[in-house]
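Topology and contacts: notes
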Amino acid sequence: VIAPMSKNNSDVVLLNTVSQFAGLFTSVIYMVSGAVFAQWKDQENYYFVQACVFGVIIILGSILLYAMCGKYEKGSSAQTAQKQKGMSFSEMLKAFKGPAIPFFFSYTFTAATTGFIQALLGHFATYVLGNTDVVALSGGATAICGVLGCVLTPMMTKKLTKKNIHIVSQIVSCIAYILLVILGKNATLFIVMRGIATFVGMPSTIVMTAIANDLGDQMEMEGKEAPRAFLQSLAGTANRAGLVISAAIGTSILGVIGYEVGVIFTDAMKSALTFWIVALPAGCCAIAAIIMIFCKTDEKAIAAWKANKQ
């Protein structure tokens, strides 16, 4: 719904920023509500009550979303005609070429950083940091720092293109992850550094979703039919692919370093785990930045075309 709602590139970034902000802010609320619900943990209907509360919130949110955005679903006459005509799967796949290819793989590597951290964090907190609370505390820190990163994004778009924001964000994130080796062996410093990595990485997440919209605009600008739903789904697919693949690889890393249930963690295993929990996310950030260089989109031309279209 972002495409019909936005009048220019700034609107696209702003809508994506608000969306990410809301998602991260609810993570903070979830932490607070989790502490409240924990008071009733021993009661028989604890999970049922919690699920009902969340379910009601989802329903109310859906009603509000439809009230705000329902009118945009109608779209323009051209969009309506395209919807009635339909688009085959083979036609959608034709859109997966040119800048869409580096976009997809760059976003996949971007998402993979989170998957590696999630797969290894529990063992890293337990055996290296010796503090299992780090898992929950670093999750809260990433949510809060992510919210702050959302605020940073619109300011960055005034100085840099969305593509360059993604590249710079990934490079700085790579540096932040590398610093985890130097500063992150202390639980507090690890939480701080992971929060910083999330803060600098959030603008990348926001602009990549907006770039998916740019891909559709560029196709229409060139006189081609743009399967916007397919192009937007590339962002979601890349995100999930990165998470799934990295989680699977991250879990296998435990076997590589010699971990088995009941095995005592040696100093060598701790060093290896520290290396991998940093090297894998840092490497993914670097690769994501390099791949994105080959994503050729003309954001200035798209902005001018969109302005004339209004």
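Residues numbered from 1 in each chain as written. Predicted model: local features only at pLDDT ≥ 70, side-chain atom pairs only at ≥ 80, totals over all residues. Heavy atoms only, no water.

1. Here's the deal with the overall build of the chain
When its secondary structure is counted, the chain shows 12 helices and zero strands. In sequence order, the chain lays out its α and β elements as α-α-α-α-α-α-α-α-α-α-α-α. Counting the 310 residues in the chain, one finds 41% classified as buried. Long-range contacts, defined as pairs at least 24 residues apart, comprise 79% of the intrachain contacts of the chain with a sequence gap of at least 6. (Helix = DSSP H or I, 4+ residues; strand = E, 2+ residues; numbered from the N terminus. Buried < 20%, exposed > 50% of the residue type's maximum accessible area, 1.4 Å probe, protein only. Contact = heavy atoms within 4.5 Å.)

2. Here we look at the side chain of glutamine 170
Relative to the helices and strands, glutamine 170 resides in helix 8 (residues 162-183). We classify glutamine 170 as buried; its relative accessible area is 2%. With residues near it in sequence (within four places) discarded, glutamine 170 still touches Thr110, Ser204, Cys285, Ala288 and Ala289.

3. Considerations on the environment of threonine 132
Turning to its location among the elements, threonine 132 is positioned in the loop between helix 6 (100-129) and helix 7 (133-157). In this structure, the C-alpha to C-alpha distance between threonine 132 and glycine 122, residues 10 residues apart in sequence, is 7.1 Å. Ignoring any residue separated from it by four or fewer positions in sequence, one finds threonine 132 in contact with Ala125 and Thr126.

4. Structural notes on the nonpolar core
Ranked by internal contacts, the top residues of the largest apolar core, which has 32 residues, are Val134, Tyr177, Phe190, Ile257 and Leu273. Among the elements of the structure, helix 6, helix 7, helix 8, helix 9 (187-221), helix 10 (228-256) and helix 11 (267-292) are those that each provide at least two residues to this core. (Core = buried A, V, L, I, M, F, W, Y, C linked by side-chain atoms within 4.5 Å.)

5. Structural notes on helix 10
Here helix 10 contains 29 residues, and its C-alpha end-to-end distance of 42 Å stays within 8% of the 42 Å for a straight helix at 1.5 Å per residue. Those residues of helix 10 lying buried are Arg228, Phe230, Leu231, Leu234, Ala235, Ala238, Gly242, Ser246, Gly250, Ile253 and Leu254. Within two residues after helix 10, glycine 258 carries a phi angle of roughly 95°, on the positive side. (Expected span 1.5 Å × (residues − 1).)

6. Quick word on the packing of helix 8 against helix 9
Axis separation between helix 8 and helix 9 bottoms out at 8 Å; the angle between their running directions is 160°. With respect to helix 9, the element helix 8 is oriented roughly antiparallel. In this structure, helix 8 crosses over helix 9, and the sense of that crossing is left-handed. Of the residues belonging to the contact of helix 8 with helix 9, the class tally is 17 nonpolar, six polar and four charged. (Axes fitted to C-alpha atoms, helices over the stretch in contact; angles between N-to-C directions. Parallel < 35°, antiparallel > 145°, perpendicular 65-115°, else oblique. Left-handed = near helix turned anticlockwise from the far one by under 90°. Nonpolar A, V, L, I, M, F, W, Y, C, P; charged D, E, K, R; others polar.)

7. Observations concerning a nonpolar patch on the surface
A grouping of Ile171, Ile175, Leu179, Val181, Ile182, Leu183 and Leu189 is seen on the molecular surface, where their side chains present a nonpolar patch of about 570 Å² in accessible area. With six residues, helix 8 is the largest single contributor of residues to the nonpolar patch. Within the fold, isoleucine 175 resides in helix 8. (Patch = residues over 30% accessible without salt bridge, like charges linked within 9 Å, V, L, I, M, F, W, Y side chains within 5 Å. Areas by Shrake-Rupley, 256 points an atom, 1.4 Å probe, with all protein chains shown as cover. Salt bridge = Lys/Arg side-chain N within 4 Å of Asp/Glu carboxyl O.)

8. Some thoughts on the confidence of the model for the chain
With 86% of its residues at a pLDDT of 70 or more, the chain shows a mean pLDDT of 81. Per-element mean pLDDT across the chain ranges from 46 in helix 4 (residues 77-85) up to 92 in helix 11. Residue range residues 76-84 is modelled with pLDDT below 50. Its contacts to residues more than four positions away, or to other chains, number seven contacts. (pLDDT = per-residue confidence, 0-100.)

9. Re the pattern of salt bridges
One pass over the full model with this rule turns up two salt bridges. In this structure, lysine 162 engages aspartate 214 in a salt bridge whose closest nitrogen and oxygen atoms are separated by 2.9 Å. Here aspartate 214 lies in helix 9 and lysine 162 lies in helix 8, a separation of 52 residues in the sequence. For aspartate 214, a relative accessible area of 0% translates into the label buried. For lysine 162, the salt bridge is made with glutamate 299, and the minimal N-O distance between the two is 3.6 Å. Placement of the pair is lysine 162 in helix 8 and glutamate 299 in helix 12 (residues 299-309), with a sequence separation of 137 residues. As far as burial versus exposure is concerned, lysine 162 and glutamate 299 are alike and both buried. Salt bridges sharing common partners tie together Lys162, Asp214 and Glu299.

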